[in-house]
Amino acid sequence: MAPPQPLASADNTPSASSSLPLLTPTSTNGTMPDQTPPTMPYSCQPCSRKKIRCDKFIPACSSCRRAEAEAGCVYLAPPPRRRKRKLSGTGNGDGSGGSDASTREKLERYERILVEQGLLSPQEVGEMTTTTTTTTATTAGSGGAGGQAQGMETPVSMLDLDPEASRTGKVVAGHGKSRYMNSSLWRSLEDDDMPVMSEGEEEQEDGGEGEEGDLLTGAFMGRQRSLVYYHPTYAQALVLWETHVDKVEPLCKVLHVPTTRQMVEVVAQQAGLASKAEECLLFAIYHFAVYAMTETECLEQLGQSKATSLQGYHFATKQALVNASFLKNTELPILQALVLLLISCRQSYDPHVFWILTGITVRIAQRMGLHRDGEALGLPPFDVQMKRRVFYQVVALDSMASRMTGTGIGIKPDSWDTKPPWNVDDAQIWPGMTEVPEEPKAATEMIYVLSRACVGKFFLKAGRGTPAQQLQGREEVDAGIREAEDEVENEFIRYCDVMDPLHFLTMVAARSAITNMRMRTTLPKYKWKTAADMERRDFFFLAQKILDTDISACQHSSLKKFQWHVSVFFVWGSWDSMIFTLTSLRKPEIFSDAETEAAWSRVEQIYANHGKELLVSMQALQVAIGRITLKAWDVRARGGMADPMFITSLRSSPKVNPMARTTRYDSGATTLGSTVDSMSPMGFANGSGELSGELGAGMGFEYGNNVSNVEDTDWLFWDQLIQDYQAKGG
């Protein structure tokens with residue numbers, strides 16, 4: 001029988017598998033059966049990358065044929081398996097314990113570890129060496145008996161991690177993955193041992209079916225499924241990508257646009273070539289892009305409603321994360337995808353589930369070493385910048401989630417030392433760069449993200465107006481606020497062009513944050529009802545100033561593309577200002593009629609701009625604000641004022657107005673008494689792609705009538721509620 005001929009590609013050139021041996025079944029008489037295609041002894045490259053079963057048929061396996069990617073079905077022989085490193089000095093079989101050279105090498109290694117951990121001084125090393133040499137000789141002569149008794153006693157420490165070593169961990173990186181190691185157990189390993197251990201773990205993660213052993217992911221998140229048919233068309237993929245770059249990325253900056261664009265253009269043409277990490281990131285980008293689009297844009301550019309598109313890409317993003325084993329995988333694109341998914345779902349997920357998911361995100365980031373600054377770890381400049389970007393979004397998400405649940409438990413500020421990202425554009429960084437880029441004294445693509453980080457730093461430093469802070473002295477607090485204002489103005493706002501939408505948003509957010517700081521310093525007096533009428537008026541006008549800022553941002557035509565962000569009370573202090581305005585309008589004696597009228601005009605405009613959040617999303621904060629709005633309006637309506645539209649909507653809500661429970665309320669789209677929404681972070685889709693709500697059911701944040709019994713001037717209660725939105729700019 002003639003040997004099989006080498007395979008050729010479409011252009012008649014030998015493929016990469018042409019020189020590799022083929023396993024071809026033969027019949028008993030030595031002839032080739034026509035019905036059985038020849039096979040290879042190993043999987044093709046696309047199936048190996050996607051970790052799916054390959055039938056190894058040639059010239060193209062079934063998976064690649066189904067994905068219409070026959071041209072990319074290439075068979076490459078896997079590299080020889082790395083032999084396990086044998087330990088030196090394991091003994092000679094005669095009880096001697098190995099050679100003297102091996103023993104001295106081990107002792108020197110242990111002494112070096114003790115010195116690094118501060119358990120042994122360098123001066124003692126010399127004495128130990130002399131004593132140990134004598135002890136070793138004695139032990140050799142006596143067959144090993146009593147040798148340990150003659151040696152020096154080893155210092156003992158119960159600390160697993162000493163303070164000095166806590167910031168000197170190591171990052172093991174390779175094949176696009178990274179892992180941070182800092183416990184005393186792992187630091188005891190030599191540098192050449194760590195990659196071996198990491199490779200062993202990856203083999204365990206990727207070996208066999210893998211997913212079947214991940215019971216937690218299988219039970220709570222779902223099983224692995226192919227997502228080839230969930231990818232959009234090439235034209236739709238480019239539309240979604242450009243939408244993400246234009247509307248989302250300027251406010252998040254977790255991607256490097258040039259390199260991600262290359263990946264999008266390749267995978268959009270051949271979805272079957274995407275790795276699991278790339279698939280995660282792609283679907284997260286698509287989902288966020290749809291979230292940022294309007295209903296009209298979805299219908300015109302995607303050919304379906306926004307709700308349908310969101311549902312499909314939301315499922316695909318979650319399923320892609322499961323397919324990639326995101327709980328174990330340490331590839332940066334997977335973490336980027338998880339961060340983008342959580343940002344886009346912050347308003348729809350149950351607060352407690354959202355807090356758990358952000359906690360998982362923090363742990364993944366810590367495992368990758370993002371909580372330690374990349375420069376100190378010796379990472380390349382490009383990796384340093386990208387990991388800084390992602391980590392600062394992780395910190396913001398964790399802070400937001402901890403306040404949404406009211407726990408206030410998040411990642412501790414002293415547990416990380418990652419510096420803010422460099423103030424550089426994406427064009428100034430690229431993979432493989434060796435020099436740190438020079439930061440220009442000008443506005444860059446990072447201006448919004450960096451200004452928020454700067455403001456957040458001063459919020460941590462200045463506190464939030466607690467009574468303990470007042471004991472420090474008003475002068476000290478005011479000095480801190482002036483310092484924050486000077487830094488924000490000099491570092492960011494001075495370079496802003498008011499005609500640029502991103503710059504305008506930066507100015508609005510930063511200046512409202514400074515106003516919120518000043519308002520927060522006065523808040524304790526109002527909480528404890530010690531504020532004089534003049535102080536109440538000052539506080540009231542600070543609140544009006546922040547509401548004006550929010551209204552102007554919502555009405556600014558150039559900010560329409562950022563409506564996904566602006567429409568959710570993004571301005572620092574918006575909730576504080578709304579609450580204080582409404583409580584003040586219940587007792588308007590200290591304000592003139594014109595001031596009262598202007599305040600109600602602002603409240604009505606706020607409801608018009610944020611109607612979905614204030615009138616539809618009936619969580620605790622929205623219910624409480626709705627009830628106090630009705631009480632304040634009842635005071636005004638004594639003069640025979642007709643109810644405006646937003647008051648009518650509040651009166652018809654069973655949660656806001658208990659009297660409305662006797663009437664049937666139909667929102668037309670959303671039932672106020674339902675669970676959080678159909679986009680549950682737990683309920684995965686069935687085979688048709690529609691969300692199944694079994695796991696997501698019953699996870700709604702139900703409050704009953706608890707809110708109605710709270711005195712609306714109890715600022716301890718209000719402060720707990722507004723923690724829901726402080727970290728995201730509200």
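Residues numbered from 1 in each chain as written. Predicted model: local features only at pLDDT ≥ 70, side-chain atom pairs only at ≥ 80, totals over all residues. Heavy atoms only, no water.

In the annotation of an unreviewed UniProt entry, the entry for the chain reads Zn(2)-C6 fungal-type domain-containing protein, and the organism field reads Friedmanniomyces endolithicus. UniProt annotates the chain under Subcellular location (unreviewed entry) with the comment "Nucleus". (UniProt positions renumbered as here; feature names shortened; annotations may be inferred.)

All chains considered together, the criterion is met by 14 aromatic pairs. Here the aromatic rings of Tyr-607 and Phe-646 are separated by 4.8 Å at their centres, their planes lie at 20 degrees, and the arrangement is stacked. With Tyr-607 in helix H24 (residues 593-609) and Phe-646 in helix H27 (residues 645-651), this pair connects stretches of sequence that are 39 residues apart. Here Tyr-607 and Phe-646 have matching classes, each one buried. (Phe/Tyr/Trp six-rings, centres within 6.5 Å; stacked < 30°, edge-to-face > 60°. Helix = DSSP H or I, 4+ residues; strand = E, 2+ residues; numbered from the N terminus. Buried < 20%, exposed > 50% of the residue type's maximum accessible area, 1.4 Å probe, protein only.)

Trp-564 and Phe-570 are the most contacted members of the largest nonpolar core, which has 147 residues in total. If you look at the next biggest cluster of nonpolar residues, it comprises 11 residues, including Cys-44, Cys-61, Cys-64 and Cys-73. (Core = buried A, V, L, I, M, F, W, Y, C linked by side-chain atoms within 4.5 Å.)

What follows deals with the pattern of salt bridges. Within the structure shown, the criterion is met by 17 salt bridges. Lys-247 is the partner of Glu-297 in a salt bridge, and the nearest nitrogen-oxygen pair spans 2.7 Å. Of this pair, Glu-297 sits in helix H12 (residues 295-301) while Lys-247 sits in helix H9 (residues 234-252); the two residues are 50 residues apart in sequence, bridging distant segments of the chain. According to the relative accessible area criterion, Glu-297 is partly exposed, its value standing at 23%. Of the residues examined, Lys-247 reaches a relative accessible area of 8% and is grouped as buried. Lys-253 is the salt-bridge partner of Glu-445, the closest N and O atoms lying 3.5 Å from each other. Of this pair, Glu-445 sits in the loop between helix H16 (381-404) and helix H17 (447-462) while Lys-253 sits in the loop between H9 and helix H10 (257-269), and the two are 192 residues apart along the sequence. Overall, the relative accessible area of 35% leaves Glu-445 in the partly exposed class. Residues participating in the shared-partner salt-bridge network are Glu-249, Lys-253, Arg-389, Asp-426 and Glu-445. (Salt bridge = Lys/Arg side-chain N within 4 Å of Asp/Glu carboxyl O.)

The UniProt feature table records "domain: Zn(2)-C6 fungal-type" (unreviewed entry) at residues 43-75. Secondary structure across residues 43-75 comprises 33% helix and 0% strand; the distance between its end C-alpha atoms is 7 Å.

A few words on the packing of H10 against helix H11 (residues 276-292). Two numbers describe how H10 lies on H11: the axes approach to 11 Å, and their chain directions differ by 95 degrees. With respect to H11, the axis of H10 lies roughly perpendicular. Every residue of H11 that contacts H10 at Thr-260, Met-263, Val-264 and Val-267 is listed here: Glu-278, Leu-281, Leu-282 and Ile-285. Across the contact of H10 with H11, the residue classes break down as six nonpolar, one polar and one charged. (Axes fitted to C-alpha atoms, helices over the stretch in contact; angles between N-to-C directions. Parallel < 35°, antiparallel > 145°, perpendicular 65-115°, else oblique. Contact = heavy atoms within 4.5 Å. Nonpolar A, V, L, I, M, F, W, Y, C, P; charged D, E, K, R; others polar.)

This part takes up unusual backbone geometry. Generally, phi is negative for residues other than glycine and the peptide bonds are trans, each holding for most cases. In this structure, Pro-59 follows Ile-58 across a cis peptide bond, with omega equal to 10 degrees. A positive phi is found at Lys-51, a non-glycine position, where the angle reads about 60 degrees. With respect to the helices and strands, the residue Lys-51 is situated in the loop between helix H1 (45-50) and helix H2 (62-66). Positioned with a positive phi, Glu-68 is a non-glycine residue whose angle comes to about 55 degrees.

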